[in-house]
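Listed here are the chains, written in short residue letters.
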Amino acid sequence: MELVCPAGNLPALQAAVDAGADAVYAGFRDQTNARAFPGLNFDESELRAGIGYAHAQGCKVYLALNTYPDSARLSLWHGAVDRAAELGCDAIIAAEAAVLAYAARKHPDLPRHLSVQGSATTAPALRYFHERFGIARAVLPRVLSIQQVERLCQASPVPLETFAFGSLCIMVEGRCQLSSYVTGASPNRHGVCSPAKFVRWDEQADGSRSVRLNEVLIDEFAPQEPAGYPTVCKGRFDVRGEVFHALEEPTSLNTLDLLPRLARAGVAALKIEGRQRGAAYVASVARTWRAALDHYAHSPDTWSPNAKWHEALGKHAEGHQTTLGAYHRAWH
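Read on for a plain summary of the structure. (Residues numbered from 1 in each chain as written. Predicted model: local features only at pLDDT ≥ 70, side-chain atom pairs only at ≥ 80, totals over all residues. Heavy atoms only, no water.)

So, about the sheet that holds strand S8 (residues 199-203). Strand order in this open sheet of three strands is S8-S9-S10, and the pairing throughout is antiparallel. Whereas interior strands pair on both sides, the edge strands pair on one side only; in this sheet they are S8 and strand S10 (216-221). Ignoring strand direction, the axes of neighbouring strands in this sheet form an average angle of 20 degrees. Pairing analysis gives five bridges linking S8 to strand S9 (residues 209-213), with the strands arranged antiparallel. Counterpart to Val199 in the pairing with S9 is Leu213. (Pairing = 2+ DSSP bridges. Helix = DSSP H or I, 4+ residues; strand = E, 2+ residues; numbered from the N terminus. Axes fitted to C-alpha atoms, helices over the stretch in contact; angles between N-to-C directions.)

Interaxial distance between helix H2 (residues 44-56) and helix H3 (residues 74-87) falls to 10 Å at its minimum, and their mutual angle equals 40 degrees. Judged by the inter-axis angle, H2 sits oblique to H3. Crossing of H2 over H3 shows right-handed handedness. Across from Glu44, Leu47, Arg48 and Ile51 in H2, the residues of H3 making contact are Arg83, Glu86 and Leu87. (Parallel < 35°, antiparallel > 145°, perpendicular 65-115°, else oblique. Left-handed = near helix turned anticlockwise from the far one by under 90°. Contact = heavy atoms within 4.5 Å.)

Turning to unusual backbone geometry, a few remarks are in order. Residues other than glycine predominantly adopt negative phi, and peptide bonds predominantly adopt the trans conformation. Positive phi values are uncommon outside glycine, yet Ser194 reaches one of about 55 degrees. Looking at the element boundaries, Ser194 is found in the loop between helix H8 (187-190) and S8. Phi angles above zero are rare outside glycine, and Arg240 is one such case at about 55 degrees. Here Arg240 shows up in the loop between strand S11 (237-239) and strand S12 (242-244). Accessibility expressed as a relative area gives 88% for Arg240, which makes it exposed. (Buried < 20%, exposed > 50% of the residue type's maximum accessible area, 1.4 Å probe, protein only.)

Here we take up the pattern of salt bridges. Inspection of the entire model under this criterion finds 18 salt bridges. A salt bridge links Glu150 to Arg261; the shortest N-O distance between them is 2.6 Å. With Glu150 in helix H6 (residues 146-155) and Arg261 in helix H9 (residues 259-265), this pair connects stretches of sequence that are 111 residues apart. Across the pair Arg236 and Glu225 runs a salt bridge, and its minimum N-O distance is 3.0 Å. One end of the pair, Arg236, is in the loop between S10 and S11; the other, Glu225, is in the loop between S10 and S11, and 11 residues separate them in sequence. Exposure remark for Arg236: the relative accessible area of 23% places this residue in the partly exposed category. The exposure class of Glu225 is partly exposed, given its relative accessible area of 24%. Overlapping salt bridges, with partners in common, bring together Glu2, Lys60, Arg137, Glu161 and Lys271 in one network. (Salt bridge = Lys/Arg side-chain N within 4 Å of Asp/Glu carboxyl O.)

Attention now goes to the environment of Glu318. Tracing the backbone shows Glu318 in the loop between helix H11 (307-314) and strand S15 (322-323). As for Glu318 and Pro124, which are separated by 194 residues in sequence, their C-alpha atoms are 34 Å apart.

The subject of this paragraph is H11. Since one α-helical turn is 3.6 residues long, residues separated by three or four positions face the same way. Regarding H11, the residues found buried are Trp309, Ala312 and Leu313. Buried residues of H11, viewed axially, fall in a sector of 95 degrees; they line one side. Residues of H11 that are exposed and point more than 90 degrees away from the buried face comprise Ala307 and Lys308. At its buried positions, H11 is contacted by strand S7 (160-167), strand S13 (252-254) and helix H10 (279-298). (Arc of directions from axis to C-beta.)

The next point concerns the environment of Ala125. Relative to the assigned elements, Ala125 resides in helix H5 (residues 123-133). When the C-alpha positions of Ala125 and Tyr53 are compared, they lie 36 Å apart, and in sequence the two are 72 residues distant.

A word on the pairing of strand S14 (residues 269-272). Covered by surrounding structure in S14 are Ala269 and Lys271 together with Leu270 and Ile272, the residues of both alternating faces. With three bridges connecting them, strand S1 (residues 2-6) and S14 associate as parallel partners. The residue of S14 that forms the bridge with Val4 is Lys271.

So yeah, pure geometry; function would need other evidence.
See below:
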């Protein structure tokens, strides 16, 4: 299975390559990708340097163009496809039909991967994208049980990629409206969930903190309590007098225990989430998964998860806890 790692900037890209990634995924410094935070992503010269560094070590570079343009801005996405081809990217990762159609028409030799933002969760959906746009791979949303993933691997006309580790999204990717509801800016259309310009932290004399998103109180933290980046889905809210994580607790997906089953199912690639995270995160997580995959390739019949791997991944988990998410649903 291919190990696909995040690259939010050039140092993170280099860290992923050095740690053994088979491929990295990156984005331009604009709204064509779903991690358009200030300080992240690449301009053309940085991406050219990153592609050169990766290719020199046999690592592929995929460009995320996974947001949804409107008609007035579609030319920005078309231009990004052109630049991806010119720079030598190994594939684009796109969700919107017009972007995929343009890439297929103008750059037929540039492989097209269907983004998780495309929300393709059925075999007919995968066949449609393959027949209509010639996709070479599809990234599955993180809402499917392991049984559903196994069935899709059998029925899909293209290889499938699944998320292996990183921050979870409880919404069907590409369809979340929470950030847009509170701020007017959506990760699906504007490239960022909870834009930084709407975030306000207030610290009290005792060290406690509160955080607001566009003046909406998202959470309050006790002194020394770890605080993550504020998103609506992972905030704590007063619901009939009880304050709790009403939508989702901060936690990270960790599918390490399922590695043999995903391999037997025929999953082509494992994806690490975290383009908004730093080079140290990328290096540690990539190195851990590289070790796990290499051990499995060498001894698939006797493979078992190493406690040190779980310990290393746990240090980078959101909220210091991990889950199998929808993979472990009893119903499917």
